[in-house]
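Inside the fold
So the chains spell out like this:
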Amino acid sequence: FIVYADDPYENLSSAYGMSYLGPGKSTTFTVTPHLWLKNGTYTDTLTFKIRMFNVQDGENDIPAEDTIQARFVVGDGAGTGLPFTDVKSGDWFCDSVRYVYENELMSGTGATTFGPNEKTTRGMIVTILYRLENEPPVSADAAFSDVEAGQYYANAVAWASQNGIVTGYDDGRFGPNDTITREQMAAILYRYADYKEQDVSAAADLSAFTDAGSISGYAVQAFQWAVSEGLITGSTDTTLSPAGSALRCEVATILMRFLQK
């Protein structure tokens, strides 16, 4: 959109898609957002150019450029920019839910619900990491007796297994629909970070937590790393609850911390 101020060639402006703006005049800019597929927060920018002329001598042609930025929010009207009625702007997990939703890592449990206090399954977690990798092709089906081809998590579990991110249970099952525990979440993220060649050497002292001794052997180092990196905090000041369920709001928060680091 080009604006000519004090344009001596006013009659030519419309022919070239320009708008003439005379002395002391003003104009209105309308920023139209791009099409979006779901609720959220979006920003669009309109760039416009201005050329100023001195009408007296036709000199001092001064080109200039500026931008107008508009922020569009579509959602529940509660200031969250989200479509979920069970996520409020004052909730401690609101920013985390917005992050995973806008980055298409987690969707809602329904059209208007996120289910922040619902449990998360092992299949869901692996699928989220698989999405982060842009769903690379897998060479074979997952080698677990309870992972059937065609399930939404099948390729994700196969990919994670083939890259050492998950190992499954001793009986040959993966348990895709089992609720993921906090220590399982820590272990999977630890292995994924290692797969991405990140530094996973940090190790926090867990002795201040009274239930640190109940962490399964396979998850001790992962928990030390996750706590040291601030990804997982105690369920209370003195407990880690390694066998406790990882709720969807907790998973959203852990994922946001992990990816932002």
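One structure accompanies this document, and this report is about it. None of the values given here were measured: they were computed from a predicted structure. (Residues numbered from 1 in each chain as written. Predicted model: local features only at pLDDT ≥ 70, side-chain atom pairs only at ≥ 80, totals over all residues. Heavy atoms only, no water.)

Topic: the packing of helix α5 (residues 182-195) against helix α6 (residues 220-228)
What counts, and what does not: Fitted lines through C-alpha atoms give the axes, limited to the stretch in contact for helices. The angle between two N-to-C directions lies from 0 to 180 degrees. Numbering of helices and strands starts at the N terminus; helices are DSSP runs of H or I of at least 4 residues and strands are runs of E of at least 2. Throughout this description, any angle smaller than 35 degrees is read as roughly parallel, any larger than 145 degrees as roughly antiparallel, any in the 65 to 115 degree range as roughly perpendicular, and the remainder as oblique. Contacts: residue pairs with any heavy atoms within 4.5 Å of one another. The nonpolar class holds Ala, Val, Leu, Ile, Met, Phe, Trp, Tyr, Cys and Pro. Asp, Glu, Lys and Arg form the charged class, and all remaining residues, Gly among them, are polar.
Between α5 and α6, the least distance of the axes is 8 Å, while the angle of their chain directions is 80°. Comparing the axis directions of α5 and α6 gives the class roughly perpendicular. Across the interface between the two elements, R182, E183, A186, A187, L189, Y190 and A193 from α5 touch Q221, A222, F223, W225 and A226 from α6. Class assignment of the residues belonging to the contact of α5 with α6 gives a composition of 9 nonpolar, 1 polar and 2 charged.

Looking at helix α3 (residues 122-132)
Filter applied, for reference: Only protein chains enter the calculation, and the probe is 1.4 Å; a residue is then buried if its accessible area is under 20% of its type maximum, exposed if over 50%, and partly exposed in between.
Among the 11 residues that make up α3, 8 are buried, leaving the element largely enclosed by the rest of the structure. Every buried residue of α3 is listed here: R122, G123, I125, V126, T127, I128, L129 and Y130. Summarising the contacts, the buried residues of α3 are in contact with α4 (154-162), α5 and α7 (248-260). One or two residues past the end of α3 sits N134, with phi positive at roughly 60°.

Quick notes on the side chain of T120
The line we're drawing: Polar contact is the term for a pair of N or O atoms within 3.5 Å; when the atoms are in protein, one must be able to donate a hydrogen and the other to accept it, and sequence-neighboring residues count only if both atoms are side-chain atoms.
Relative to the assigned elements, T120 resides in the loop between α2 (94-102) and α3. Polar side-chain contacts of T120 include one of 3.2 Å to the backbone oxygen of A246. Not counting residues within four places of it along the chain, the set of residues in contact with T120 comprises I125, D178, T179, I180, A246, L247, R248 and V251.

Re the layout of surface pockets
Threshold: Here a cavity is any set of points on a 1 Å grid over the protein atoms alone where a 1.4 Å probe fits but cannot get out, and a pocket is any open set with protein on both sides within 12 Å along at least 5 of 7 lines; a residue lines the site when it has an atom within 4 Å of a point. Grid points are joined across faces, edges and corners, and a volume is the space filled by probe spheres set on the points.
Estimates place the volume of the largest pocket at around 220 Å³. Taken together, Y192, A193, K196, Q198, D199, W225, E229, L231, F258, L259 and K261 form the lining of the largest pocket. Of the residues contributing to the lining of the largest pocket, the split by class is 6 nonpolar, 1 polar and 4 charged.

Regarding the environment of L129
Tracing the sequence through the fold places L129 in helix α3. Judged by relative accessible area, L129 falls into the buried class, the value being 1%. Each C-alpha atom of the pair L129 and W159 lies 9.8 Å from the other, and the pair is 30 residues apart in sequence. For L129, the residues in contact, after removing those within four places along its chain, are W159, I165, I188, L189 and Y192.

Remarks on the environment of A208
Mapped onto the elements, A208 comes out in the loop between α5 and α6. Expressed as a C-alpha distance, the spacing of A208 and D237, which sit 29 residues apart in the sequence, is 8.7 Å.

Remarks on the pattern of salt bridges
Spelled out, the test is: Here, a salt bridge means any side-chain nitrogen of Lys or Arg that lies within 4 Å of a carboxyl oxygen of Asp or Glu.
In the structure shown here, the tally under the stated rule is 6 salt bridges. Where K196 meets E133, a salt bridge forms, and the shortest distance between an N and an O atom there is 3.1 Å. One end of the pair, K196, is in the loop between α5 and α6; the other, E133, is in the loop between α3 and α4, and 63 residues separate them in sequence. Residue K196 is classed as partly exposed on the basis of its relative accessible area, which comes to 38%.

Considering unusual backbone geometry
For E104, which is not glycine, the phi torsion reads 60° and is therefore positive. At S241, a position not held by glycine, the phi torsion is positive, near 50°. Positionally, S241 belongs in the loop between α6 and α7. Using a relative accessible area of 25% as the deciding quantity, one classes S241 as partly exposed.

Notes on the environment of S161
Positionally, S161 belongs in helix α4. For S161, a relative accessible area of 26% corresponds to the partly exposed category. For the pair formed by S161 and V126, sequence separation is 35 residues and the distance between their alpha carbons is 9.7 Å. The contact partners of S161, leaving out residues within four places of it in the chain, are F144 and V166.

Some words on the packing of α2 against α7
Keep this limit in mind: Take the far helix as the reference: if the near one is turned anticlockwise from it by less than a right angle, the crossing is left-handed, and if turned clockwise, right-handed.
At a minimum axis separation of 8 Å, α2 and α7 run at an interaxial angle of 70°. Taken together, the axes of α2 and α7 lie roughly perpendicular to each other. Crossing of α2 against α7: the hand is left-handed. Residues D95, S96, V97, Y99 and V100 of α2 form the contact with α7, whose own contacting residues are A252, T253, L255, M256, L259 and Q260. Residue classes in the contact of α2 with α7 are distributed as 7 nonpolar, 3 polar and 1 charged.

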